Amino acid sequence: MSELVIDLEAEKKEILKRYRALLRACKPTMQKGDKALIRQAFDLALESHKDMRRKSGEPYIYHPIAVAQIAAEEIGLGTTSIVCALLHDVVEDTAVTLEEIEREFGKKVARIIDGLTKISGVFDYNSSLQAENFRKMLLTLADDVRVILIKLADRLHNMRTMDHMPRDKQLKISSETIYLYAPLAHRLGLYAMKSELEDLSMKYTEAETYKFIARKLNEKKAERELFIQSFIGPIRDILLEQGLKSNVYGRPKSIHSIWNKMRKKGIPFEEVYDLFAIRIILESKPDQEKADCWKAYSIVTDLYRPNPDRLRDWVSSPKANGYESLHTTVMGPKGQWVEVQIRTTRMNEIAEKGFAAHWKYKESSSDSGLDQWIQKVRELLKNPESNALDFLDDFKMNLFSDEIFIFTPKGALMQLPLGATALDFAFEIHSDLGAKCIGAKVNHKLVPLSHQLQNGDQVEIITSSKQSPKEDWLNFVVTAKAKAKIKSSLKEEKRRVAEEGKEILERKLKSLKITYNTENIHKISNYFKFPSALELFYAIATESFDLKLLKEFQASEKTPEHKTPDRIDASQIEGLINKVKSKDSDTLLIGEDLQKIDYKLSTCCNPIPGDDVFGFITVNDGIKIHRTNCPNATKLLANYGYRVVKAKWTSQKELAFLTGLRIRGIDEVGLINKITTVISNDFKVNMRSITVDSNEGIFEGTIMVFVNDTMHLENLTKKLKQVKGVTSVTRFESQPERHGRI
Ligand code: MN
């Protein structure tokens, strides 16, 4: 290893230079006394991080300075946030305590930093530490949104500087980002940040696809620029004629959003038409904004024919995150659809900086959609029952959804996520109204609880005092609030019933001479594969468990080797991790370690040699190998990063792996025959199954084949594409598996 020479003098100068750049970025929001406060925070951060360096070798202080700079420049936050951003890692990583922070900077700052500090100490391997941390962060969010905003700035800087991290860390951090942080940025209206986070995640988790799309975009750049100029030229001219001051430009869509479209519609890059959107940013007087936007709309649609189904008016009813804009899709001169977004400078700043910009323009915030959303988060957090992972799932579900607007009988407006039912609406108004709901009147017509509401519906809830929440309600409610309330009410009921089962079991055990204690109850639950003692009691009370079976358990206790460990414990996980790490490298070599370490290829993504993969330690199946782009990977990596093992393929020609191909084409006579000939005769590949659907001349088939590695698969795909009539061949993406216990 070569020696690293560090020029401390030059570093000191660089630190000061970066600090001064930060001060310049803070200027717009700075007031008297703020500069001294920021300096005080900077000095404390500099001093306490002085012996630390980042993975890249740079002084650690570069990181908090950069985070503060993002907070100021890209989110538009003020001095308190800048102070917190500078100090955000101090309590977690250095000897400075929260008490000292409070003494020096006050309660508010200390509270925010506490929210930014991870939970430490011992934890149960059955729970997800990450999920608990997210929950802690969200608890503070309800108290002060700045916690999330600074956390987002922190995450963005870490994602921007992740090249020096080991591969498994890159995967874990990218997955967390796509799982939670990007949706959060979206929900808070930080669109620019959301896109960047998504693209950066994709760069690590889908490196090949990312590079492919980036290259494709670059190839046609000049041609696209030319088209955009010819498209916006006439718009600019007429806007000017009509006295509307504006800035008109074309904006490329993010790589991640293009990829999303390709996946969702199952189309190749060439068929994605909207690689960019046109933006018209108007400089309007406050009272002219809406009129100006519609004037511009009228100009655009006089020039180009609009698609009537694609008009979105978020100027009259802004999105819950504050987004305001007019979107339309028009037919361009070369016969291609072009999306045009129309908004004012104020609206644009909100679209870019989100929350903070919103506050700047809106003095009273009580009626804003974002405030309603934070109110919802607060209510959700009040429910102490829910397990952190469930909570996160419910919470996430509400992050990405589009909204519909529903009227109460008295004409008040409520916002609900798309797909919400009458029952969601009832719970939204009041949890008692939800619990007692038996039906609803939508636009004066009687409908069942599960009726899906449409934008603009007027809804009246019908209740009965005899009603109580039912299990199947969970199948059709979509809001986190309704889910949480129904679950907690069902749990309450279950606990009441389980109490009877517990008493029955106590008597039964006495007659069998088995001591009734926690340990034995735990053993019995495990033996009969109940996830918890509560479930066991409940099954006994409802007679879905036969007490005679207890004899079986009693017998098994006498032959201890047959006991199956069901609960994963720390030593078990650490044992597996150590087994992998005790070798020369800490990477699991698939193919070679077969004898020494127990692993399986997961069935949710069917990895084959050549795929980018990782190992995941499971409760019952040892180590499972997943593709990094497996539909389940994000969730596993984001929530259980500590159970991830690096894995790599050793070369092996003799083994075959199952994988799936989806083939589309024009249904011609003999097409199936041609395809199977290529597979079995030309390629000598074994086929496990083939299913074919033919509809109005369109052929769609799924074929499961055994291949050696990705190269082999690629060659086969190429050959199949050459078959006359075949239009596309893609690797099969299976659906996310439902995990019970992972
Ligand atoms: Mn940090």
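Note that the structure is a prediction, hence the values are computed from the model and not measured.

Visitor: What should I look at first to understand the nonpolar core in this one?
Guide: Judged by nonpolar contacts, the single largest core of 61 residues is most densely connected at Ile82, Leu86, Leu87, Ile101, Leu152 and Leu197. The dominant element in this core, judged by the number of residues it contributes, is helix H9 (residues 146–160), at eight residues. Here leucine 197 is in contact with Leu152, Arg155, Leu156, Met159, Thr177, Tyr181, Ala182 and Ala185, once residues within four sequence places are set aside.

Visitor: Hey, could you run me through the coordination of the manganese ion in this one?
Guide: Four donors placed tetrahedrally around a metal ideally meet at 109.5 degrees, and six donors placed octahedrally ideally meet at 90 or 180 degrees. The manganese ion binds to the protein through His63 (NE2), His88 (NE2), Asp89 (OD) and Asp154 (OD); the donor distances cover 2.2 to 2.4 Å. The sequence pattern formed by the donor residues of the manganese ion is H-x24-H-D-x64-D. Like aspartate 89, histidine 88 is buried.

Visitor: What's the story with helix H4 (residues 79–87) in this structure? I'm lost.
Guide: In an α-helix, one turn spans 3.6 residues; hence positions three or four apart end up facing the same way. Among the nine residues of H4, eight are classified as buried, and the element is accordingly described as predominantly covered. Every buried residue belonging to H4 is among Thr79, Ser81, Ile82, Val83, Cys84, Ala85, Leu86 and Leu87, and all of these are buried.

Visitor: When you look at the packing of helix H23 (residues 518–527) against helix H24 (residues 533–541) in this model, what are you seeing that I'm missing?
Guide: If you want to describe how two helices pack, look at the angle between their axes and the distance between the axes. Where H23 contacts H24, the axes come no closer than 9 Å and their chain directions differ by 75°. Of the possible angle classes, the one that applies to H23 and H24 is roughly perpendicular. Residues Ile521, Ile524 and Ser525 of H23 form the contact with H24, whose participating residues are Ala533, Leu536 and Phe537. Classifying every residue of the contact of H23 with H24 gives five nonpolar, one polar and no charged.

Visitor: Help me understand the sheet that holds strand S10 (residues 459–463) in this model?
Guide: Adjacent strands of a sheet pair through backbone hydrogen bonds, lying either parallel or antiparallel. One open sheet accounts for three strands, arranged S9-S8-S10; its pairing is antiparallel. Two strands close off the open sheet at either side, each with one partner strand: strand S9 (445–447) and S10. Going across the sheet, the axis of each strand differs from the next one's by a mean of 30°, ignoring polarity. With three bridges joining them, strand S8 (residues 437–442) and S9 adopt antiparallel strand pairing. When the sheet's bridge partners are listed, lysine 441 is paired in S9 with leucine 446. Across the sheet, helix H20 (residues 422–429) touches S8 and S10, and the angle it forms with S10 is around 85°.

Visitor: Even after reading the chapter, I still don't get the environment of isoleucine 113, so can you show me in this structure?
Guide: Examined against the element boundaries, isoleucine 113 turns out to sit in helix H7 (residues 107–116). What makes isoleucine 113 buried here is its relative accessible area of 0%. As a C-alpha pair, isoleucine 113 and glutamate 92 span 21 residues in sequence and 9.3 Å in three-dimensional space. When sequence neighbours within four positions are dropped, the list of residues in contact with isoleucine 113 reads Cys84, Leu87, His88, Val91, Leu98 and Ile101.

Visitor: How do you make sense of the pairing of strand S16 (residues 657–666) when you look at a structure like this?
Guide: On any regular strand, side chains alternate: one points to one face of the sheet, the next to the other face. Among the 10 residues that make up S16, seven are buried, leaving the element largely enclosed by the rest of the structure. Examined bridge by bridge, S16 and strand S19 (residues 726–731) share five bridges and lie antiparallel to one another. Note on S19: the bridge partner recorded for glycine 665 is valine 726.

Visitor: Explanation requested: the packing of aromatic side chains in the structure shown.
Guide: The relative placement of two aromatic rings is captured by the distance of their centres and the angle of their planes. Within this structure, the stated rule accounts for 12 aromatic pairs. Aromatic pair tryptophan 314 and tyrosine 323: ring centres 5.8 Å apart, planes at 70°, arrangement edge-to-face. Both residues of the pair, tryptophan 314 and tyrosine 323, belong to the buried class. One aromatic cluster is present, formed by Tyr527, Phe528, Phe530, Phe545 and Phe553 through successive ring pairs. Lying over the aromatic face of tyrosine 538, lysine 494 brings its terminal NZ or CZ to 4.9 Å of the ring centre.

Visitor: Looking at this structure, how should I read the pattern of salt bridges?
Guide: Pairs may arise between side chains of opposite charge once their charged atoms sit close together. Per the stated rule, a full pass over the model turns up 29 salt bridges. A salt bridge links lysine 261 to aspartate 274; the shortest N-O distance between them is 2.8 Å. Taken together, the positions of lysine 261 in helix H14 (residues 255–265) and aspartate 274 in the loop between H14 and strand S2 (276–282) put the pair 13 residues apart, joining distant regions of the chain. Overall, the relative accessible area of 5% leaves aspartate 274 in the buried class. Ionic pairing is found between arginine 496 and glutamate 493, a salt bridge with its closest N-O pair at 3.0 Å. Taken together, the residues arginine 496 and glutamate 493, both in helix H22 (residues 480–512) and three residues apart, mark about one turn of the helix. A single network of salt bridges, built from pairs that share partners, joins Lys253, Lys261, Asp274 and Glu339.

Visitor: Mind showing me how you'd approach the confidence of the model for the protein chain here?
Guide: Close inspection of predicted coordinates is inappropriate for parts of the model with low pLDDT. When the pLDDT values of the protein chain are averaged, the result is 82; 82% of them are 70 or greater. Across residues 363–367, where pLDDT falls below 50, the model places four contacts with residues more than four positions away in sequence or in other chains. Counting contacts from residues 560–566, a segment whose pLDDT is below 50, to residues more than four positions away or on other chains yields seven contacts.

Visitor: What is the right way to look at a nonpolar patch on the surface in this model?
Guide: Taken together, the side chains of Ile672, Ile690 and Val692 present a nonpolar region at the surface, about 210 Å² in accessible area. Considering the arrangement of structural elements, one finds isoleucine 690 in strand S17 (residues 687–695).

Visitor: Explanation requested: the pairing of strand S13 (residues 613–617) in the structure shown.
Guide: Most of S13 is tucked away: five of the five residues are buried. Going residue by residue along S13, you find Val613, Gly615 and Ile617 tucked away on one face and Phe614 and Phe616 tucked away on the opposite face as well.

Visitor: Help me understand H24 in this model?
Guide: Residues Leu536, Phe537, Ala539, Ile540 and Ala541 constitute the buried set of H24. Elements that come into contact with the buried residues of H24 comprise H22 and H23. At the exit of H24 stands glutamate 543, carrying a positive phi of roughly 60°.

Rules used throughout
- Starting from 1, residues in each chain are numbered consecutively following that chain's sequence as written.
- Reporting of local features is limited, given that this is a predicted model, to residues whose pLDDT is at least 70; pairs of side-chain atoms are given and counted only at 80 or more, and all residues count toward the totals for whole chains, interfaces and linings.
- Side-chain measures here rest on the full set of heavy atoms in the structure, leaving out hydrogens and waters.
- In this text, buried Ala, Val, Leu, Ile, Met, Phe, Trp, Tyr and Cys residues form a nonpolar core when linked through side-chain atoms within 4.5 Å.
- Categorising residues by exposure relies on relative accessible area from a 1.4 Å probe, with only protein chains included: less than 20% of the type maximum marks a residue as buried, more than 50% marks it as exposed, and the intermediate range marks it as partly exposed.
- Elements are defined by DSSP. Helices are runs of H or I of four residues or more, strands are runs of E of two residues or more, and each kind is numbered from the N terminus.
- Contact between two residues is taken to exist if any of their heavy atoms lie within 4.5 Å; hydrogens are not considered.
- Ligating atoms shown are N, O and S within 2.8 Å of the metal, or 3.2 Å for Na, K and Ca, and water is not included, meaning a site may look less than complete.
- Simply put, an axis is a line fit to the C-alpha atoms, just over the touching stretch for a helix, and the angle between two N-to-C directions goes from 0 to 180 degrees.
- Any angle that falls under 35 degrees is termed roughly parallel, while one over 145 is termed roughly antiparallel, one within 65 to 115 roughly perpendicular, and all others oblique.
- When residues are grouped by polarity, Ala, Val, Leu, Ile, Met, Phe, Trp, Tyr, Cys and Pro land in nonpolar, Asp, Glu, Lys and Arg in charged, and all others, Gly among them, in polar.
- Strand pairing is assigned whenever DSSP detects at least two bridges linking the two strands.
- Stacked, tilted and edge-to-face pairs are distinguished by plane angle, under 30 degrees for stacked and over 60 for edge-to-face with tilted covering the rest, among Phe, Tyr and Trp rings (Trp via its six-membered ring) whose centres lie within 6.5 Å.
- Two thresholds decide whether a charge sits over a ring: the Lys NZ or Arg CZ must be within 6 Å of the ring centre and within 35 degrees of the ring normal.
- Salt bridges are counted wherever a side-chain nitrogen of Lys or Arg sits within 4 Å of a carboxyl oxygen of Asp or Glu.
- pLDDT gives the predictor's per-residue confidence on a scale running from 0 to 100.
- Any residue with relative accessible area above 30% and no salt bridge may belong to a patch, with like charges joined within 9 Å and the nonpolar Val, Leu, Ile, Met, Phe, Trp and Tyr side chains within 5 Å.
- The Shrake-Rupley method, run with a 1.4 Å probe, gives the accessible areas here. Residue values count only the displayed protein chains as cover.

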